[in-house]
Amino acid sequence: MYIPWRHLGGFLFLLFALWLHWSFANRLVAATARRYRPVILAGTSICGLWLVAAFLMGVRRFDWLWPDYVLREWTRGAALVWTLCLFCWLAIDSLRRRLPAFDPGRRKLLLAARGALFAAPVAAAGFGVLAGRSRLVLNQVDIAFGDLPADLNGLRIAQLTDIHLGPFLELRELERAVAMANEAKPNLVVVTGDLITARAHHLERCLRALAGLRSEAGVLGCLGNHEMYAACEDEAQRSGARLGILFLRHSAERLRFGNAYLNVAGADHQADRRSYLAGAEALIRPDDFNVLLSHNPDVFPVAARQGYDLTLAGHTHGGQVTIEALSQYLNVARFATPFVRGLYRENRSAVYVGLGIGTVGVPARLGSPPEVALIRLCGT
């Protein structure tokens, strides 16, 4: 079976999921009457094949097996939730087996906890699907800069990021985000990548909806990793320009507001840490207020050193599923980047990481509602 390098992480996750599934099946068979064991083995074998199919659905070479894009995305999301359920169940079951046999009260408590934790990912995903992913909010963020030109004081920039139009986000939800941004009457609108998820099926529909955005300086943007995966970066740039959306690909646009200039630069998704923003310093105008549009927020320290005053990014979805009420580290995005959500500063520079609008993996949001961000520049 051919597996591209970019699918190696998914393949390793598949092996982990199959190991969890095998462990679950063994323990279930051991605790079940002999006459029911063939049924359990048949059911778990089918589920194991389902996990393999869910992985293959993410490999472009096997698209011909299931041409329905919606089926692929929902199947992969369901497989992820099932794997989380197995992990929770096995974790508590392993702890229960380690307890001394003479403590029946504690064992009963752990049995109840095992059942509750097995159901928790399903319940959380259900809430995130039915409610969390549709609670779109407008977040106004005031960012102060000591040397901000007077004519830029109070300037409003609306940011839409991580749209992922497709099976998990309907067109009407994107249109609602566009209307929300327009109601804020921004001076500038920016779109910071991931218009679609893994295929370019919905790109044109997404761009047509974004063409409804209105601001005095127009709509600027950059492209994300999912445009890179779908190999539709050139198409997005051409179609966007035709519809009045300028995607900045290692280029900059100078905007005048009164007697001040806002220099907005953009870069394609930055994947290689060794070459973050290579050459982007040439896009800076020393006498202007410089803004960088970068889908990946990890470039921020480099952008700050190069002289960018403000970086606008996305990519993380704010963690998408987070339980930060218990701990700030109960958020999978924190294992990948220190810039998960909101505002971060380094010396005189700032970055805002938007929560995004859509979802990937599972069609759920928990503790990280979809947002349209309204960035307001403030002098001190």
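For clarity, every value in this text was computed on a predicted model and none was experimentally measured.

Cut-offs and rules
Residues numbered from 1 in each chain as written. Predicted model: local features only at pLDDT ≥ 70, side-chain atom pairs only at ≥ 80, totals over all residues. Heavy atoms only, no water. Helix = DSSP H or I, 4+ residues; strand = E, 2+ residues; numbered from the N terminus. Buried < 20%, exposed > 50% of the residue type's maximum accessible area, 1.4 Å probe, protein only. Areas by Shrake-Rupley, 256 points an atom, 1.4 Å probe, with all protein chains shown as cover. Pairing = 2+ DSSP bridges. Axes fitted to C-alpha atoms, helices over the stretch in contact; angles between N-to-C directions. Arc of directions from axis to C-beta. Core = buried A, V, L, I, M, F, W, Y, C linked by side-chain atoms within 4.5 Å. Contact = heavy atoms within 4.5 Å. Salt bridge = Lys/Arg side-chain N within 4 Å of Asp/Glu carboxyl O. Phe/Tyr/Trp six-rings, centres within 6.5 Å; stacked < 30°, edge-to-face > 60°. Lys NZ or Arg CZ within 6 Å of the ring centre and 35° of its normal.

Draft legend 1. Seen up close, the overall build of the protein. Regarding its fold elements, the protein presents nine helices and 12 strands. Counting all 380 residues of the protein, 52% fall into the buried class. Entry remark: accessible area of the protein is about 18,000 Å², with carbon and sulfur atoms responsible for 60%.

Draft legend 2. Highlighting the sheet that holds strand 12 (residues 371-379). Pairing is mixed in the open sheet, where six strands are placed in the order 1-12-2-3-4-5. Both outer strands of the open sheet, strand 1 (137-145) and strand 5 (245-247), are each paired with one neighbouring strand and no more. Ignoring strand direction, the axes of neighbouring strands in this sheet form an average angle of 25°. By the bridge criterion, three bridges tie strand 4 (residues 219-222) to strand 5 in an arrangement that is parallel. Directly across from Gly221, in strand 5, lies its bridge partner Phe247.

Draft legend 3. Structural view of helix 8 (residues 233-242). Taken together, the buried positions of helix 8 are occupied by Glu233, Ala236, Ser239 and Gly240. Here the buried residues of helix 8 occupy an arc of 135° about the axis, which is enough to place them on one side. What points out from helix 8, more than 90 degrees from its buried face, is the exposed set Arg238, Ala241 and Arg242. Looking one or two residues beyond helix 8, the residue adopting positive phi is Gly244, at roughly 90°.

Draft legend 4. Layout of the sheet that holds strand 6 (residues 251-257). Ordered in space as 6-7-8-9-11-10, the six strands form an open sheet in which the pairing is mixed. Lying at the two open borders of the sheet, with one neighbouring strand each, are strand 6 and strand 10 (342-346). For this sheet the average axis-to-axis angle between neighbouring strands, irrespective of direction, equals 20°. Pairing of strand 9 (residues 310-313) with strand 11 (residues 349-353), which is carried by four bridges, proceeds in the parallel orientation.

Draft legend 5. Quick peek at the nonpolar core. Among the nonpolar cores identified, the biggest contains 32 residues, and Leu160, Ile163, Leu174, Leu195, Leu210 and Leu213 are the most heavily contacted of them. Elements that contribute at least two residues to this core include exactly strand 2 (156-160), helix 5 (171-183), strand 3 (188-192), helix 6 (203-210), strand 5 and strand 12. What Leu160 contacts, discounting residues up to four positions off in sequence, is Ala177, Ala181, Val189, Val190, Val191, Thr192, Leu210, Leu213, Ile357 and Val372. Core analysis: the next-biggest nonpolar cluster, separate from the first, contains 27 residues, Leu148, Leu155, Ile375 and Leu377 among them.

Draft legend 6. Just the pattern of salt bridges, in detail. With the rule as written, the count across this model stands at 10 salt bridges. Between Glu204 and Arg208 there is a salt bridge, with its nearest N and O atoms 3.4 Å apart. You can see Glu204 and its partner Arg208 sitting in helix 6, four residues apart, about one turn around the helix. Judged by its relative accessible area of 53%, Arg208 is exposed. A salt bridge links Arg249 to Asp268; the shortest N-O distance between them is 2.9 Å. Pair noted here: Arg249 is in the loop between strand 5 and strand 6 and Asp268 is in the loop between strand 7 (260-267) and strand 8 (289-294), with a separation of 19 residues, a long-range link.

Draft legend 7. Fine view of the packing of aromatic side chains. All chains considered together, the criterion is met by three aromatic pairs. Seen in terms of ring centroids, Phe145 and Phe289 are 5.0 Å apart; in terms of plane orientation they differ by 80°. Their pairing is edge-to-face. Taken together, the residues Phe145 in strand 1 and Phe289 in strand 8 connect sequence positions 144 residues apart. The exposure class assigned to Phe289 is buried, which follows from its relative accessible area of 3%. For the ring pair Phe300 and Phe339, a centre distance of 5.8 Å and an interplane angle of 90° mean the geometry is edge-to-face. Of the two residues, Phe300 sits in helix 9 (residues 300-306) while Phe339 sits in the loop between strand 9 and strand 10, which places them 39 residues apart along the sequence. You'll find Phe300 and Phe339 in the same group, each marked buried. Every member of this aromatic cluster is reached through a ring pair, and the members are Phe300, Phe339 and Tyr344. Lying over the aromatic face of Tyr261, Arg254 brings its terminal NZ or CZ to 3.8 Å of the ring centre. One cation-aromatic arrangement involves Arg345 over Phe145; the distance from NZ or CZ to the ring centre is 5.2 Å.

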